[in-house]
Amino acid sequence: MKEEFQNDLVSIIVPIYNVEAYLDDCISSLVNQTYQNLEILLINDGSTDGSLKKCEEWAGKDERICVFSKSNEGLGPTRNYGVKHASGEWIAFIDADDWYELTFVEKLYAEACKENSNMARCNFQIVDVTGRAQKKTNYFTALGIGRESQCVLAETAGSVCTILVKRKIFKEYYLEQPNCKSQDFAVGLAICLASGTCAYVDEALWNYRKGRPGSLTTGSAPKRNETAMKALPWLTYILKKNNLYEKNVKLISQYVQMAMSSIMFGGWMNMADSDYNGLKEL
């Protein structure tokens, strides 16, 4: 870490539910970050496997790790629990079956400080269940837009695991994350718009493990369609509540159309007519 940057405490929030087999990869990538001033919050969301025991073993090896255990509530409430218990100036989220590159925090934090931004984000790499790389994202090259364009927010807001954001944003904008599978679709954009500006690191620093049995992103199309009907109303509500809707309506429209087009395409083949029509009207 270069000397000219500050040394703020960064809180990394890790919701955990029955992921014992993947925890070592995830936690190892956190404790070995090149940026060391960390608080690692491992939040056991009612796991029934050996996840809690493994968390406690890691906590015994690194004093920066804090272990919490509660009844099962789901991803959104567990992330909210983590934010409430976090002490850091900055917040990062990671799912317990994924892992960061070891420079994730250092590079995002340095770029946010350099740009005087409330948040920074990076690209990511998709890996299969064995950890084998499948695809790397490269937003700016693929989209052909400059980093100064606000349109980048509407194209890249789909996951909160690529984000480092100031903790104050959650408090000032009442960003209580909803409890639905597609929540990142809504929460990511809300964080971006609340933050105002977005520093950017054009590297894949988050490794997203796709296809794990039991993962929230693994499931039938009808289930994903149903959760979209929860995420979109939350997004509209939270942006209007914070006076962020009207000033960003063009961007929001672009983002929603992009996300909903893929949902609607699969939906008409997999949903009951009444559900499809309800989603279309929404």
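Residues numbered from 1 in each chain as written. Predicted model: local features only at pLDDT ≥ 70, side-chain atom pairs only at ≥ 80, totals over all residues. Heavy atoms only, no water.

K.L.:
Got a sec to walk through the overall build of the protein chain? Specific residues and values, please.
P.N.:
Counting secondary structure elements, the protein chain contains 11 helices and 9 strands. Sorting the 282 residues of the protein chain into buried and exposed places 52% on the buried side. Contacts spanning at least 24 positions in sequence make up 83% of the contacts within the protein chain whose residues lie at least 6 apart. Entry remark: accessible area of the protein chain is about 13200 Å², with carbon and sulfur atoms responsible for 49%. (Helix = DSSP H or I, 4+ residues; strand = E, 2+ residues; numbered from the N terminus. Buried < 20%, exposed > 50% of the residue type's maximum accessible area, 1.4 Å probe, protein only. Contact = heavy atoms within 4.5 Å. Areas by Shrake-Rupley, 256 points an atom, 1.4 Å probe, with all protein chains shown as cover.)

K.L.:
Account for the nonpolar core, naming residues and giving values.
P.N.:
Counting residues in hydrophobic clusters, the biggest one holds 39 residues, and the most contacted among them are I12 and V14. Elements with a minimum of two residues in this core: β1 (10-16), α1 (23-31), β2 (38-45), α2 (51-59), β4 (90-93), α4 (104-115), β6 (119-127) and β9 (199-209). Excluding residues within four positions of it along the chain, V14 makes contact with C26, L30, L41, L42, I43, I94 and A96. Listed in part, the 38 residues of the second largest apolar core include F170, A194, L251 and I252. (Core = buried A, V, L, I, M, F, W, Y, C linked by side-chain atoms within 4.5 Å.)

K.L.:
I'd like a rundown of the pattern of salt bridges, residues and numbers included.
P.N.:
Applying the stated rule across the entire model yields 9 salt bridges. A salt bridge links D95 to R79; the shortest N-O distance between them is 3.3 Å. Taken as a pair, D95 in the loop between β4 and β5 (99-100) and R79 in helix α3 (residues 75-85) lie far apart in primary sequence, 16 residues in all. Between K84 and E176 there is a salt bridge, with its nearest N and O atoms 3.8 Å apart. With a gap of 92 residues between them, K84 in helix α3 and E176 in the loop between α7 (168-172) and α8 (183-195) connect regions that are remote in the sequence. Take K84: its relative accessible area is 61%, and that puts it in the exposed class. Note on E176: relative accessible area 41%, which makes it partly exposed. Salt bridges sharing common partners tie together D45, K70 and E73. (Salt bridge = Lys/Arg side-chain N within 4 Å of Asp/Glu carboxyl O.)

K.L.:
Before we move on, could you go through the packing of α1 against α2 and cite the residues and values that matter?
P.N.:
Contact pair α1 / α2: the axes reach a minimum separation of 11 Å and the direction vectors enclose 25°. Considering their axes alone, α1 and α2 lie roughly parallel with respect to each other. Between α1 and α2 lies a crossing whose hand is right-handed. Note on element contacts: α2 touches α1 through S51, K54, C55 and W58, opposite L23, D24, I27, S28 and V31. (Axes fitted to C-alpha atoms, helices over the stretch in contact; angles between N-to-C directions. Parallel < 35°, antiparallel > 145°, perpendicular 65-115°, else oblique. Left-handed = near helix turned anticlockwise from the far one by under 90°.)

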